[in-house]
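# Structure at a glance
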Amino acid sequence: MPFRRDPLLLSKSKQASADQSESLPLNQKNVLIVGAKNCTELPLRLKSISIELEDDVEKTCSIQHGSEELSNPSLLVPGDEFKKVFSVSSNTNISKLKLGTVCLRWRRDLGVEEQSASTSTLSWVVTKQKLPDVNLELPPLIVSFECPPYAIVGDPFTYYIRISNQTQLLQEVKYSLADAQSFVLSGYHNDTVYVLPKSEHILSYKLVPLVSGMQQLT
């Protein structure tokens, strides 16, 4: 698995307009984070966060997540926020993607009676919010960064950058790499490479960690 993957979306490189909607890369997995914040003055219990797809959406995208319901309803005191991560992907070449509707199941916290109450007899409030449609784009280039999950101070390791050309044209890529204070890096810092159609070009760098702890790599 790559440490990081960045598809190039041409719409994001252009000047954004006020009414421009979000774009997602085609044939790539995307992370969708849905948050539910308690904006009341009372503690709440959250049972589930799910995404309901419309009948025609089933054929255009795939949304994956863990279990729909929480094993124990989460307590949200005033100001708390609960977040859930979804994986969104689409292999259909369409201009607009309908993500569906977020469905929340919640209720007020019962306080001292919470432990003795039976969850099967309690009624839950259902709140729905439609997600905005997003654009789908085929990224001409995909850049993947690969490195080991950890390193040892003083021992060199290899860091790979894979540039994948998704088009039928030869692509010229100019890149620059900045130094990180916590590492010694060997390799070209500024260069131009040419990536053949439907192929990839791999850049490799040797890095030596200088300090321990969590460090910024890129």
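Here the structure is a predicted model, which is why all the values come from computation and not from measurement.

Each value, and the rule that gives it
- Residues numbered from 1 in each chain as written.
- Predicted model: local features only at pLDDT ≥ 70, side-chain atom pairs only at ≥ 80, totals over all residues.
- Heavy atoms only, no water.
- Pairing = 2+ DSSP bridges.
- Helix = DSSP H or I, 4+ residues; strand = E, 2+ residues; numbered from the N terminus.
- Axes fitted to C-alpha atoms, helices over the stretch in contact; angles between N-to-C directions.

### Observations concerning the sheet that holds strand β4 (residues 44-52)
- Taken together, four strands build an open sheet; the order of strands is β6-β4-β9-β10 and the sheet is antiparallel. Only two strands of the sheet have a single partner each, and these edge strands are β6 (69-76) and β10 (125-130). Each strand axis lies, on average, 30° off the axis of its neighbour in the sheet, ignoring direction.
- Note that β4 and strand β9 (residues 101-108) share eight bridges and pair antiparallel. Across the sheet, the residue bridging to R45 is R107, located in β9.

### Details of the sheet that holds strand β17 (residues 200-209)
- Taken in spatial order, the five strands make up an open sheet running β1-β12-β13-β17-β15, and their pairing is antiparallel. Either end of the sheet is taken by a strand with one partner, and the two such strands are β1 (4-7) and β15 (183-186). Neighbour-to-neighbour, the strand axes of this sheet turn through a mean angle of 20°, independent of strand direction.
- With four bridges joining them, β15 and β17 adopt antiparallel strand pairing. In the strand pairing of β17, V184 is matched with V208.

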